[in-house]
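Geometric and topological summary
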Amino acid sequence: MNSDLVKNKFVFTADSLKKKFRLSEFLSEKIITSVAFLSIAVIILIFFFVFRESLPAFKHRPKATTEQQKVSAGNKPESYGSSEVSAAEKKPETYGAVKDSSVTADEVNPDASLRPAEGAENEGTLGSLFSNEWFPVSENPRYGLIPLFVGTFKVTLIAMLFAAPIAILAALFSSSFAPPWLREWIKPAIELLAGFPSVVIGFFALMVMATFLQNMFGYETRLNSFVGGIAMALAAIPIIFTITEDALTAIPDTYKEASLALGASKWQTAVFVILPAATPGIFAAVLLGVGRVFGETMIALMATGNAALSGLNPFESVRTLAATIGAEMAEVVFGDMHYGVLFLIGSMLFIFNFSINAIAEFYVKGKLVKKIQGK
Amino acid sequence: MKTRLKNKIIGGAITTLSALSVVLILAIIIIILVVTIIGGKSTLSWEFLTSFPTEGMMKGGIFPAIYGTALLVIVMSIAAVPFGTITAIYLSEYAHEKSWLAQTIRFAVRTLATVPSIIFGLFGLGFFIKFVGGGMDNWFLGGQLKWAQPNLLWGSLTMALLTLPVVIVSVEEAIRTVPRELREASLALGATKWQTIWKVVIPGSISGIMTGTILAVSRGAGEVAPILFTGAAYYLATLPTSLSDQFMNLGYHIYVMSTQSSNVDQTLPIQFATTLVLLMLTFTLNLAAVLIRSSLRRRVK
């Protein structure tokens, strides 16, 4: 009895060294692990549900054709001429967007009864996604995504042309030229801009910047892709700045010291040694900036004018993909084609952003690490 | 001699240009602040903050919008902070740094942080309202419409997903500042892993949890896109009283007043004052977070 106790206390056997099973420990670990799965689950759920809700856009086709067949059965001559008619019909509708009521009243009313069927056949299908017209709520709905893509790319390009150079230069200043006490102020100050809600930036662009820029450049439409682009640059600058700054400061001091020891000046070191070494990081920063601008909704809604034009003039109103979702989702009928197309746009945005993030994550980071380690 | 002079000029130009970029960014921040303050300060008063909109939102205050925003961020924090904190604890205490699971979770968190906010809105509509809400109505209410429509709960949960990465990142950063020795001392005294986390790690990182919450609240108060179709209302005559009510929101209020209202010009002072309130709110919260964080960093040093 006594020797048993002594044995238990002082002699370590394989059995006594084993971790004791405690239910509370076991449960807490399992619970914490499963909660940590949540973020992965959310990503998968977002992907699944946004894509699932876009199915009406694909499903619509058979229904549309059957409707068309019914109509054409009783109305044969018309259906033969359908391609001609729809080609002719396209025009008044385009002008109708400019609210020329006399023209639309004359041209549209006579064959108004025919229009839904024609529209279902020619336009309200997947094929129209690649057309050049976005008229989702007309009698003859057309869901051409091209103007939306053109608009989004235009705004993104303008925003990046402004944001990238400014943010990178600012990061260079903060990491290489500024004295340490100043640096400690610059970073949090610029990061405050990241805390500005996008609706505030949008409001500022809409009320103040649009008028100011119009007076300065004298273009016609007050809200256009130029104003929207600059406003979005304000949203992208803090992101690009922060990540670039991190990439620049992550370059080992040995690089800098070697360059200085060889007689290079401070700016030469910054521009020819540190900047090139941090290229992958800066590339990632710009990519994430692009992602931010691409999906920005409120600024686009408020400052780009929201007209689905596909011209290349930067002083023209545009409508971006994200703004289209934001503006039209509240008015659609759940489950119809328009609803599906908006979710389809959403899945495209999601996939685009996901890929951008993946590229920034794996390709760029891997490269950066290799470069610094000199492999 | 000539190249040296040229070098000096280029060097000076680059330094000046980069300094100017910083000045430009700071100037933009100040201009936005000043313009909003000038535009909004004459309308801003205690009465403006505490009264209802009147005469078809042409006059009156923004109390329902403030109240709705407050409810939104409270419900959002209740959902986001515990989950975010637990994920951060998993990442820093349980997971092996190199394990595929931890890597995947980190990737998911960073992806979540870059997903456009409008996608969260779509997800809220497709998942929370149509799937969960529709399911709840079918199972518990026999098809009666209650949860399958935009409301406070779905708006807040959508916003919680958006702010989850903010919480995770701040809490994890704070947990890493808890010295290893404290954990080892606790374990050496016979505490289990969970006891160590509960009694040592969490109390030690409470300021990080606070920073995360503040940043999440600031983000949630300012975002509009996720609640566009998951709960925000244009105008409500009464305050929301339950989770199944719609709510008004400061950011949404600014958006509708400046773009959807019939006479934008007349309500301009109200819009500026609302923007000022929202900007001050998020600005103060961010400033607080920055201060807490910098004191935290100083403590580590």
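Computed from a predicted structure; not experimentally measured. (Residues numbered from 1 in each chain as written. Chains lettered and ligands numbered in written order. Predicted model: local features only at pLDDT ≥ 70, side-chain atom pairs only at ≥ 80, totals over all residues.)

Focus on the overall build of chain B
Using the following cut-off: Runs of H or I in DSSP of at least four residues are treated as helices and runs of E of at least two as strands, each being numbered from the N terminus. Any residue surrounded by 20 or more other C-beta atoms within 10 Å of its C-beta is treated as buried, while 12 or fewer makes it exposed and the intermediate range makes it partly exposed; C-beta atoms here are placed from the backbone. It is the C-beta atoms, placed from the backbone, that decide contacts: two residues are in contact if theirs lie within 7 Å.
Within chain B, the regular secondary structure consists of 11 helices and two strands. Secondary structure elements of chain B, listed N to C terminal, follow the sequence α-α-β-β-α-α-α-α-α-α-α-α-α. Expressed along its principal axes, the backbone C-alpha trace of chain B runs to roughly 70 × 65 × 35 Å. By residue count, 48% of the 301 residues in chain B fall in the buried class. Sequence separation of at least 24 residues holds for 75% of the intrachain contacts in chain B that already meet a minimum separation of 6.

Re the overall build of chain A
Helix and strand counts for chain A stand at 19 helices and two strands. The contacts of chain A with a sequence gap of at least 6 include a subset with a gap of at least 24, amounting to 74%.

Some details on the interface of chain B and chain A
Worth spelling out the cut-off: Gly is placed with the polar residues, together with every amino acid not listed as nonpolar (Ala, Val, Leu, Ile, Met, Phe, Trp, Tyr, Cys and Pro) or charged (Asp, Glu, Lys and Arg).
Contact residues are listed per partner, giving 67 residues for chain B and 68 residues for chain A. Element by element, the count of residues in the side of chain B that touches chain A is highest for helix H1 (residues 2-40) of chain B, at 16 residues. The residue inventory of the side of chain B that touches chain A, partitioned by class, reads 43 nonpolar, 21 polar and three charged.

With respect to the nonpolar core
The test is simple: The nonpolar core criterion groups buried Ala, Val, Leu, Ile, Met, Phe, Trp, Tyr and Cys residues into a set whenever they are joined through C-beta atoms within 7 Å.
In terms of nonpolar packing, the biggest core is built from 185 residues, with Ala-205, Ile-237 and Ile-240 of chain A touching the most fellow members. The residues contacting Ile-240 of chain A, other than those within four sequence positions of it, are Ala-163, Ala-164, Ala-167, Ile-168, Ala-285, Val-286 and Gly-289 of chain A.

Considering helix H11 (residues 180-194) of chain A
Because an α-helix packs 3.6 residues into every turn, residues spaced three or four apart end up facing the same way. Residues and elements named next belong to chain A. Using the following cut-off: Every helix has an expected span of 1.5 Å times one less than the residues it contains. Each C-beta atom gives one direction from the helix axis, and the arc is the one those directions make.
Between its first and last C-alpha, H11 extends 22 Å over 15 residues, near the 21 Å set by a 1.5 Å rise per residue. Buried residues of H11: Ile-186, Lys-187, Ile-190 and Leu-193, and no others. Each buried residue of H11 lies within a common arc of 115 degrees when the element is viewed along its axis, so the set occupies one face. Facing away from the buried surface of H11 by more than 90 degrees, the exposed residues are Trp-181 and Trp-185.

Structural notes on the packing of helix H10 (residues 146-177) of chain A against helix H15 (residues 266-277) of chain A
Residue and element names in this part refer to chain A. Inclusion rule: With axes taken as lines fitted to C-alpha atoms, and helix axes fitted only over the stretch in contact, angles between N-to-C directions fall between 0 and 180 degrees. Orientation is classified from the angle alone, with under 35 degrees giving roughly parallel, over 145 giving roughly antiparallel, 65 to 115 giving roughly perpendicular, and any other angle giving oblique.
Relative orientation of the contacting elements H10 and H15 amounts to 105 degrees, with a least axis distance of 11 Å. The angle between the axes of H10 and H15 places the two elements in the roughly perpendicular class. Here H10 contributes Leu-172, Ser-176 and Phe-177 to the contact with H15, which in turn contributes Ala-270, Ile-274 and Leu-275.

Here we look at the environment of Gly-11 of chain B
Assignment of secondary structure puts Gly-11 of chain B in helix H1. Exposure remark for Gly-11 of chain B: the 17 C-beta atoms within 10 Å place this residue in the partly exposed category. Remark: the alpha-carbon pair of Gly-11 of chain B and Ala-273 of chain B, spanning 262 residues in sequence, is separated by 45 Å. Beyond its immediate stretch of four places on either side in the chain, Gly-11 of chain B contacts Ser-265 and Trp-267 of chain A.

Describing the packing of helix H4 (residues 38-53) of chain A against helix H4 (residues 100-114) of chain B
Here is the rule: We call a crossing left-handed when the near helix sits turned anticlockwise from the far one by less than a right angle, and right-handed when that turn is clockwise.
At a minimum axis separation of 8 Å, H4 of chain A and H4 of chain B run at an interaxial angle of 55 degrees. By the angle class used here, H4 of chain A and H4 of chain B are oblique. Both H4 of chain A and H4 of chain B take part in a crossing whose hand is left-handed. Here Ser-39, Ile-40, Val-42 and Ile-43 of chain A of H4 of chain A come into contact with H4 of chain B, specifically with Thr-104, Ile-105, Ala-108, Val-109, Thr-111 and Leu-112 of chain B. The residue makeup of the contact of H4 of chain A with H4 of chain B, split by class, is seven nonpolar, three polar and no charged.

A few points about the confidence of the model for chain A
Test applied: Known as pLDDT, the predictor's confidence for each residue is given on a scale from 0 to 100.
Residue-level pLDDT values for chain A average 77, and 76% of them are 70 or greater. In the model, residues 62-123 of chain A has pLDDT below 50 throughout and makes 42 contacts with residues more than four positions away in sequence or in other chains.

What about unusual backbone geometry?
Positive phi, normally seen in glycine, also occurs at Asn-306 of chain A, with a value near 55 degrees. Turning to its location among the elements, Asn-306 of chain A is positioned in the loop between helix H17 (298-303) and helix H18 (321-328).

Some words on the environment of Gly-311 of chain A
Residue and element names in this part refer to chain A. Inspection of the secondary structure assignment puts Gly-311 in the loop between H17 and H18. Take Gly-311: there are 14 C-beta atoms within 10 Å of it, and that puts it in the partly exposed class. A C-alpha to C-alpha distance of 8.4 Å links Gly-311 and Gly-151, two positions 160 residues apart in sequence.

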